[in-house]
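# Descriptive analysis of the structure
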Amino acid sequence: MPPSQDPLYAGLGQAVRIGTDLLASLIVGGGLGWVADTYLFGSTPWGMVVGLVLGVVAGIRNAYRSAQQWPKT
Amino acid sequence: MEESPLHPFELHNWIPISLGGLDISINKAVVIMWVVVSLVAVLMVMAGSARKLVPGKLQSMAEMMVDFIRGIIMDTMGKEGMRFFPLIATLFLFILFCNLIGLIPGSYTVTSQIVVTAVFACLVYGLSLIMGFLLHGVKFLGILVPPGTPAWLLPLMIPIELISQLARPISLAVRLFANMTAGHVILGVLFGLAISGGLLIGWLPFAFTIAMNGLEVGIAFIQAYIFTVLTCVYLGDAFHLHGHDEHAH
């Protein structure tokens with residue numbers, strides 16, 4: 001078996017992936033909301049609230065999607 | 001004796017150079033990067049120059065490495081992805097050697113600087129965007145609309161997809177940076193405990209330091225591997241819009 005299809009590697013890769021994907025979506029969502037608040041609309045704090053919620057949704061969706069591609073062992 | 005565990009990450013300019021207000025001074029990280037680049041180049045050239053039918057130690061190591069990277073590309077991108085082989089192999093080997101060299105005491109982990117990882121992530125993500133727009137034109141924006149989305153969900157799905165797209169380079173950069181930094185902070189804390197503990201109890205954290213170093217070698221490999229896999233996945237998404245599932249096996 002080539003190492004790239006080794007279930008250990010593939011599983012470890014998925015495990016390492018999901019945590020940071022969640023965090024990064026949260027950062028991006030909150031960050032975009034904050035930028036919209038501070039520089040565009042002056043609607044503090046609503047842009048950030050909406051952005052954070054969207055970020056959480058995007059992060060969970062990413063985690064869900066990469067879990068769908070988990071290697072079948 | 002009391003040193004911050006973050007102290008090893010500080011960089012001091014060895015040779016200050018300023019180019020039109022731009023700070024391009026030579027520091028430890030730059031020198032280690034040169035060392036890594038020349039090490040990888042020398043090793044690969046030495047391994048490739050023998051070309052024996054029955055490979056020696058170095059040649060079979062290099063062959064394994066190349067086969068490994070080839071396997072990743074074929075799994076995630078399919079045959080078209082092979083034209084990116086040089087880029088992806090370079091990224092993998094550079095990150096792997098940076099991570100491993102950083103584990104030698106007294107050396108420096110270049111990948112624990114977020115500048116370095118962020119540049120790689122932006123390079124990869126920018127390349128995938130350029131590839132996507134070159135191949136698909138404006139239709140590439142369809143990556144923001146997952147297949148099978150009902151029309152009334154679009155105002156919700158497009159911001160979510162936009163966020164998850166923008167999160168890609170950030171998660172690439174942060175993952176590598178955070179893993180390398182955290183590992184070395186733990187090593188630093190444990191080693192500090194070992195030194196301040198003295199002989200009576202200090203052997204215990206010292207033993208942990210050795211165990212952690214072993215674990216860090218594994219993490220060095222896994223982080224280089226996952227960075228490469230995600231590079232392939234992102235580039236593959238730009239290749240076949242929504243169609244990458246049939247290449248997944």
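Please refer to the structure placed before this passage.
A brief look at the structure comes next. Small disclaimer: the values here were computed from a predicted structure and weren't measured.

What chain B contains, in helices and strands, is 5 helices and 4 strands. Taking the principal axes of the C-alpha coordinates as reference, chain B spans close to 70 × 55 × 45 Å. A buried classification covers 42% of the 249 residues belonging to chain B. In chain B, of all internal contacts separated by at least 6 residues, the share reaching a separation of at least 24 is 67%. Total accessible area computed for chain B in this model is approximately 13,400 Å², and 75% of it derives from carbon and sulfur atoms. Counting 10 positive and 13 negative side-chain charges, chain B places the averaged centre of each group 13 Å from the other.

With that settled, the discussion passes to the nonpolar core. Counting residues in each nonpolar core, the largest one holds 48 residues, and the members touching the most others are Val 36, Met 77, Ile 88 and Phe 227 of chain B. For this core, the element with the most residues is helix α5 (residues 154-239) of chain B, which contributes 16 residues. In contact with Ile 88 of chain B, not counting residues within four places along its chain, are Ile 69, Ile 73, Met 77, Thr 228, Thr 231, Cys 232 and Leu 235 of chain B. The next biggest cluster of nonpolar side chains, apart from the first, holds 7 residues, and it includes Ala 24, Val 28 and Leu 54 of chain A together with Ile 163 of chain B.

Tallying the contact residues gives 25 residues for chain A and 25 residues for chain B. Both sides of the chain A and chain B interface together cover about 2,200 Å² of buried area, and 73% of this is carbon and sulfur. Linking chain A with chain B are 3 salt bridges, by the criterion used here. One salt bridge connects Glu 161 of chain B with Arg 65 of chain A, and the closest N-O pair in it is separated by 2.9 Å. Considering every element that reaches the side of chain A that touches chain B, the biggest residue donor is helix α1 (residues 7-41) of chain A, with 13 residues.

The next subject is the packing of helix α2 (residues 46-68) of chain A against α5 of chain B. At their nearest, the axes of α2 of chain A and α5 of chain B sit 9 Å apart, and the two run at 75 degrees to each other. Comparing the axis directions of α2 of chain A and α5 of chain B gives the class roughly perpendicular. Between α2 of chain A, through Gly 51, Leu 54, Gly 55, Val 57, Ala 58, Arg 61, Asn 62 and Arg 65 of chain A, and α5 of chain B, the contact on the second element is made entirely by Leu 156, Met 157, Pro 159, Ile 160, Glu 161, Ile 163 and Ser 164 of chain B. Of the residues assigned to the contact of α2 of chain A with α5 of chain B, the class counts are 8 nonpolar, 4 polar and 3 charged.

Turning our eyes to something else, we now look at the pattern of salt bridges. If the charged atoms of two oppositely charged side chains come close together, the side chains can form a pair. Tallied over the full model, the rule gives 5 salt bridges over all chains. Arg 175 of chain B is the partner of Asp 21 of chain A in a salt bridge, and the nearest nitrogen-oxygen pair spans 3.4 Å. One end of the pair, Asp 21 of chain A, is in helix α1; the other, Arg 175 of chain B, is in helix α5, on a second chain. A relative accessible area of 8% means that Asp 21 of chain A is categorised as buried. Among the residues examined, Arg 175 of chain B registers a relative accessible area of 2% and is labelled buried. Connected through shared salt-bridge partners, Arg 17 and Asp 21 of chain A together with Arg 175 of chain B make up one network.

Basis of the calculations
- Along each chain, residues carry numbers from 1 onward, in the same order as the chain's sequence is written.
- To read the labels, note that chains go from A and ligands from 1, taken in the order they are written.
- A pLDDT threshold of at least 70 governs which residues receive local features in this predicted model, and a stricter bar of 80 or more applies before side-chain atom pairs are shown or counted, although totals over entire chains, interfaces and linings include all residues.
- Note: side-chain values were computed over all heavy atoms of the structure, leaving out hydrogens and water.
- A run of H or I in DSSP counts as a helix once it spans at least four residues, and a run of E counts as a strand once it spans at least two, with each numbered from the N terminus.
- Throughout this description, buried means an accessible area under 20% of the type-specific maximum (1.4 Å probe, protein chains only), exposed means over 50%, and partly exposed covers the range between.
- We call two residues in contact when some of their heavy atoms are within 4.5 Å.
- For the accessible areas, the method is Shrake-Rupley and the probe is 1.4 Å, while residue cover comes only from the protein chains on display.
- By the counting rule applied here, Lys and Arg register as positive and Asp and Glu as negative, while His and the ends of each chain are not counted.
- The atoms used to mark charge sites are NZ of Lys, CZ of Arg, CG of Asp and CD of Glu.
- Only buried residues count toward a nonpolar core, which is a set of Ala, Val, Leu, Ile, Met, Phe, Trp, Tyr and Cys residues joined through side-chain atoms within 4.5 Å.
- Put simply, buried area is how much 1.4 Å-probe accessible surface two parts lose in total, over both of them, once they are put together.
- Note on definitions: salt bridges are taken to be side-chain nitrogens of Lys or Arg within 4 Å of carboxyl oxygens of Asp or Glu.
- Here an axis means a line fitted to C-alpha atoms, over the contact stretch when the element is a helix, while the angle between two N-to-C directions is reported on a 0 to 180 degree scale.
- Between 65 and 115 degrees an angle is taken as roughly perpendicular, under 35 as roughly parallel, over 145 as roughly antiparallel, and anywhere else as oblique.
- Each residue is assigned to one class: nonpolar for Ala, Val, Leu, Ile, Met, Phe, Trp, Tyr, Cys and Pro, charged for Asp, Glu, Lys and Arg, and polar for all the others, Gly among them.

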